[in-house]
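Working through the structure, step by step
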Amino acid sequence: MITIDNISKKYGKAVVLNVETITIPKGQSFGLVGNNGAGKTTLFNILLDLIRPTTGKITNNNVEVNTSEDWKNFTGSFIDESFLIGYLTPEEYFEFVGDLRGMNKADVTAFIAKFDVFFNDEIIGKKKYLRDLSKGNQKKAGIVAALMGAPQVVVLDEPFANLDPTTQIRLKKILKELTDNKEITLLVSSHDLSHVTEVCDRIVVLDKGIVVKDIETSTATLQELESYFSV
Amino acid sequence: MISHFLKLEWKQFFRSAAFGKSIGIKILMGFFGLYLIAMFLFMGIGAFYGLKKFFPEQDPLVVVNAFLLYAIIGDLIFRYLMQQLPVMHIQPFLTLPIHKNNIVHYVLLKSSFSFFNVMGLFFYIPFSLVLIKEGYAVPGVLGWCALMMLLIQSVNFLNFLINKNKTAFGVLFVLLIGFFLTQHYQLFDLPGTLGKGFDFVYRDPIYSLLGLVLLLVLYQLNFKQLRSLIYLDEAVSQKVKEANTVDLSWTEKFGDVAPFIKNDIRLIWRNKRTKTVFLMSFLFLFYGLIFYTMDAYKDSLPMLMFASLFVTGGFTLNYGQFIPAWDSAHYKMLMSQSFRYRKFLESKWFLMVAMTTLLYILSFPYLYFGTEIFLMITAGAIFNIGFNSLFLLYAGSFNRKRIDLTKGGLGNTQGTGATQFLIIIPLMLFPMLLFWVFDKFVGYNSGFVVVAAVGITSLLLKNYAMNFIEKKYIKDKYAMINAFGKES
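Residues numbered from 1 in each chain as written. Chains lettered and ligands numbered in written order. Predicted model: local features only at pLDDT ≥ 70, side-chain atom pairs only at ≥ 80, totals over all residues.

1. Thoughts on the overall build of chain A
Assigned secondary structure in chain A consists of eight helices and 10 strands. Its C-alpha atoms give chain A a radius of gyration of 17 Å, within 12% of the compact-globule value 17 Å for 231 residues. Burial status across chain A gives 47% buried among its 231 residues. Contacts in chain A between residues far apart in sequence, at least 24 positions, make up 66% of those at least 6 positions apart. (Helix = DSSP H or I, 4+ residues; strand = E, 2+ residues; numbered from the N terminus. Rg over C-alpha atoms; globule rule 2.2 N^0.38 Å. Buried ≥ 20, exposed ≤ 12 C-beta atoms within 10 Å, placed from the backbone. Contact = placed C-beta atoms within 7 Å.)

2. Notes on the overall build of chain B
Along its length, chain B carries 21 helices and zero strands. Each principal axis of the C-alpha atoms in chain B carries an extent, and together these give about 80 × 60 × 40 Å. Counting over 488 residues, chain B shows a buried share of 32%. Excluding contacts between residues fewer than 6 apart, the proportion of contacts in chain B whose partners are at least 24 apart in sequence is 79%.

3. What to know about unusual backbone geometry
Following Ile323 of chain B, the chain continues to Pro324 of chain B via a peptide bond in cis, the omega torsion being -5 degrees. Its place among the elements puts Pro324 of chain B in the loop between α13 (301-320) and α14 (331-335). Non-glycine residue Asn61 of chain A carries a positive phi angle of around 50 degrees. Within the secondary structure, Asn61 of chain A is located in the loop between β4 (55-60) and β5 (63-64). Taking the C-beta count within 10 Å as the criterion, Asn61 of chain A has 17 such neighbours and is therefore assigned partly exposed. Unlike most non-glycine residues, Glu158 of chain A shows phi in positive territory, near 50 degrees.

4. Looking at the nonpolar core
Counting residues in hydrophobic clusters, the biggest one holds 129 residues, and the most contacted among them are Leu47, Tyr93, Leu130, Ala145, Val154 and Val155 of chain A. Discounting chain neighbours no more than four positions away, the residues touching Leu130 of chain A are Leu84, Ile85, Gly86, Leu88, Pro90, Tyr93, Gln138 and Ala141 of chain A. Core analysis: the second largest hydrophobic core is formed by 22 residues, Phe123, Trp144, Leu147 and Ile152 of chain B among them. (Core = buried A, V, L, I, M, F, W, Y, C linked by C-beta atoms within 7 Å.)

5. Some thoughts on helix α5 (residues 115-133) of chain B
End to end, α5 of chain B covers 28 Å across 19 residues, agreeing with the expected 27 Å (1.5 Å per residue, within 8%). All of the buried residues in α5 of chain B are Gly120, Phe123, Tyr124, Phe127, Ser128 and Leu131 of chain B. (Expected span 1.5 Å × (residues − 1).)

6. Quick word on the sheet that holds strand β2 (residues 14-24) of chain A
Neighbouring strands of a sheet are bound in pairs by backbone hydrogen bonds; such pairs are parallel or else antiparallel. What the four strands build is an open sheet, ordered β2-β1-β4-β5 (chain A); its pairing is antiparallel. In this open sheet, the two strands that pair with only one neighbour each are β2 and β5 of chain A. (Pairing = 2+ DSSP bridges.)

7. A look at the interface of chain A and chain B
The interface of chain A with chain B comprises 27 residues on the first partner and 23 residues on the second. The leading source of residues in the side of chain A that touches chain B is helix α2 (residues 90-100) of chain A, at four residues. Split by residue class, the side of chain A that touches chain B holds 12 nonpolar, five polar and 10 charged. (Nonpolar A, V, L, I, M, F, W, Y, C, P; charged D, E, K, R; others polar.)

8. Quick word on the sheet that holds strand β8 (residues 185-189) of chain A
Residues and elements named next belong to chain A. Reading across the sheet, the six strands line up as β6-β7-β8-β3-β9-β10 and stay open at both edges, with mixed pairing between neighbours. The open sheet has two edge strands with one neighbour each: β6 (75-78) and β10 (210-216). Ignoring which end each strand starts from, the neighbouring axes of this sheet average 15 degrees apart. Across five bridges, strand β7 (residues 153-157) lies against β8 in parallel orientation. Paired with Val154 across the two strands is Leu186, which belongs to β8. The sheet strands contacting helix α8 (residues 221-229) are β3 (29-33), β9 (202-207) and β10, and the helix crosses β10 at an angle near 160 degrees. (Axes fitted to C-alpha atoms, helices over the stretch in contact; angles between N-to-C directions.)

9. A short note on the confidence of the model for chain B
Residues and elements named next belong to chain B. Across chain B, the average pLDDT comes to 83, with 93% of residues at 70 or higher. Least confident of the elements in chain B is helix α17 (residues 418-422), whose mean pLDDT is 71; most confident is helix α20 (residues 462-475), at 93. The ipTM value of the predicted complex is 0.82, and its pTM value is 0.75. (pLDDT = per-residue confidence, 0-100.)

10. With respect to the pairing of β3 of chain A
Residue and element names in this part refer to chain A. Counting buried residues along β3, five of its five residues qualify, which places the element largely inside the surrounding structure. In terms of strand pairing, β3 meets β8 through four bridges, oriented parallel. Across the sheet, the residue bridging to Phe30 is Leu187, located in β8. Bridge count between β3 and β9: four bridges; the pairing is parallel. Residue pairing in the sheet places Phe30 in a bridge with Arg202 of β9.

11. Considering the pairing of β9 of chain A
In the case of a regular strand, side chains alternate between the two sheet surfaces. All names here are of chain A. Of the pairings in the sheet, the one linking β9 to β10 comprises six bridges and is antiparallel in character. When the bridges of β10 are listed, Val204 appears paired with Asp214. Count of turn residues in the β9/β10 antiparallel hairpin: two residues, of which Lys208 carries a positive phi of about 50 degrees.

12. Structural notes on the environment of Ile98 of chain B
Residues and elements named next belong to chain B. Structurally, Ile98 can be placed in the loop between α3 (60-82) and α4 (100-112). C-beta crowding within 10 Å serves as the criterion here: with 15 such atoms nearby, Ile98 is assigned to the partly exposed category. Linking Ile98 and Tyr360, residues 262 residues apart in sequence, is a C-alpha distance of 59 Å.

13. Details of the packing of α3 of chain B against helix α8 (residues 190-203) of chain B
Residue and element names in this part refer to chain B. At a minimum axis separation of 7 Å, α3 and α8 run at an interaxial angle of 125 degrees. With respect to each other, α3 and α8 are oriented oblique. Handedness of the crossing formed by α3 with α8: right-handed. Contacts between α3 and α8 involve Leu61, Val62, Asn65, Ala66, Phe67, Leu68, Leu69 and Tyr70 on the former and, on the latter, Leu190, Pro191, Gly192, Leu194, Gly195, Phe198, Asp199 and Tyr202. Class assignment for the residues of the contact of α3 with α8 results in 12 nonpolar, three polar and one charged. (Parallel < 35°, antiparallel > 145°, perpendicular 65-115°, else oblique. Left-handed = near helix turned anticlockwise from the far one by under 90°.)

14. Topic: the environment of Arg227 of chain B
Residue and element names in this part refer to chain B. Note on placement: Arg227 falls in helix α9 (residues 209-227). Along the primary structure Arg227 and Glu346 are separated by 119 residues, whereas in three dimensions their C-alpha atoms are 53 Å apart. Those residues in contact with Arg227, other than ones at most four positions away along the chain, are Lys100, Asn101 and Val104.

15. Details of the packing of α4 of chain B against α9 of chain B
All names here are of chain B. Two elements in contact, α4 and α9, have axes separated by 10 Å at closest approach and are oriented at 125 degrees. The pairing of α4 with α9 is recorded here as oblique in orientation. Relative to α9, the crossing made by α4 is right-handed. Here Lys100, Asn101, Val104, Val107 and Leu108 of α4 lie close against α9, whose contacting residues are Tyr219, Asn222, Phe223, Leu226 and Arg227.

Structure follows, in structure tokens:
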């Protein structure tokens, strides 16, 4: 589904990302871990054609992301709060994203209703603008918006950060169900090793822009990651 | 302790967003500040002689004193609307080992040096100097001047006490009008009576100490109030406004562009700065009144053309020049969504055209000044709709400065770069020049016709121009994402 081919990004002389090849098959849930500055967000930004790589290319479902924009139709993403429009209420934001993703008002309402439990009564009908919500609640809204319009690829940068424990558990369930029938390709990055190992079939560890580990998740994975990171 | 706070103030001042601005804006803002100061200085120096001229039989100091009450209440109303105690930035100190009393003193003393307090000094001090020069008793003038400074400070602290209170504002307003009416109909002259008190202070300056007593009492009240309120859920809390949702489904008839139009309307209405731009554009309607009524411009047709462009162009110019920086906060998100860039641009275009049309309709009363003026406004409106809207969209692709919508409205120059200065040439000077050339060398009516014709031609070429503009935006996408991502 997604092929990362010789992607590198340099700022002046500093190399922040240098990935040879990663192929992510359809339906895989792919986890990206690494310390701060490892290049996780840079990689996602290149995948979403928000920054240009210095070398290499990424294809998303046979669409080369920086030459055609067709990938946008089947890719949903949430990177950070800058993906939210602060002066809209969550309802209006969902309506806006729904409009862009070809959903009518009824579709949007029906879709949002499925996330009632996840929202925990803190998002809908609160008469608050997104900019006035707490970080955790902003994240909830952003994640759900990324899932709108039946995307085939979902990209989430640090989805667990800032969420309360209950919501983290609910999010894990949602993400697992998402990839249950192997139709949707999920890419997440996280600093929480136990969450990623639980959600993802495959985990790639980045360090200073380079892939240092590429693991099929098994029962031993968490142990392996913990020993890698405890230096 | 105080030196710590002073150091922080120093850093805050020199590292503030205002100082990070480009040199051009710094100079411009510097000039504006100097202009204000000069105005007050001029008033301070000129007031004495002016009053002497208009009321030769009266003592200027007595005249000033008789009106001081209005100045004080007016000042209070102005402050009520504009000035707030700078409480938010003490949040980081609350958990540090600093005594809360010191934090409160710091906040209160800091407010003493605010713009609102300094400005008045530029009037009272020169006025006092002139008084001394004109042979008034030095101790008396000094006492009077000291009292004025103490009163400014007292008003400063009085404002913080009543600021949260809506009825206080009403009372102030009623008082102001009440004083005026009772004085006007000679029922009871409180401002005058109080003025006599000020005269008395001049004769016996020791009584200016009463001002000090008033100030200390007000300071103490402020201190007590704030000291009990510096908790995150009291004074140091950010106010969250309740969202007001208005049904915008009427925009749906615009088809694909509708989601963006809805968004833009909300953008304008829910953010301070854009709201200011929107409301200001109605003020621009009156721009013509200045030019059309002044004899100096009667014969300078290009200047009148210039004014006419402004009458209908207020919104297009002020909103258009910052496209797409208004959306800079969520630009990344927009760029990861699937839509034709054209839709985004069309929505902005639609807004500019709709507003210009509305402003044009509202400008019909200018017919009073004759058909020539009205023809000029019409030509200007056509030019704004046809040429300026498209040109501003194109110029917008050069915007590389982020705008933070949560920051305040008036006087906020965030997002201003070289683009904003360069675009003035084609936007304003080009039609003026065009008008002047044809008016001078071809004949009177040709001026209007040509300016309007440029507008209409641009409108006819809109599709072609839009293609071109769209390509430019797509080409510059990465540079814009990068620039808009940076905090300014």
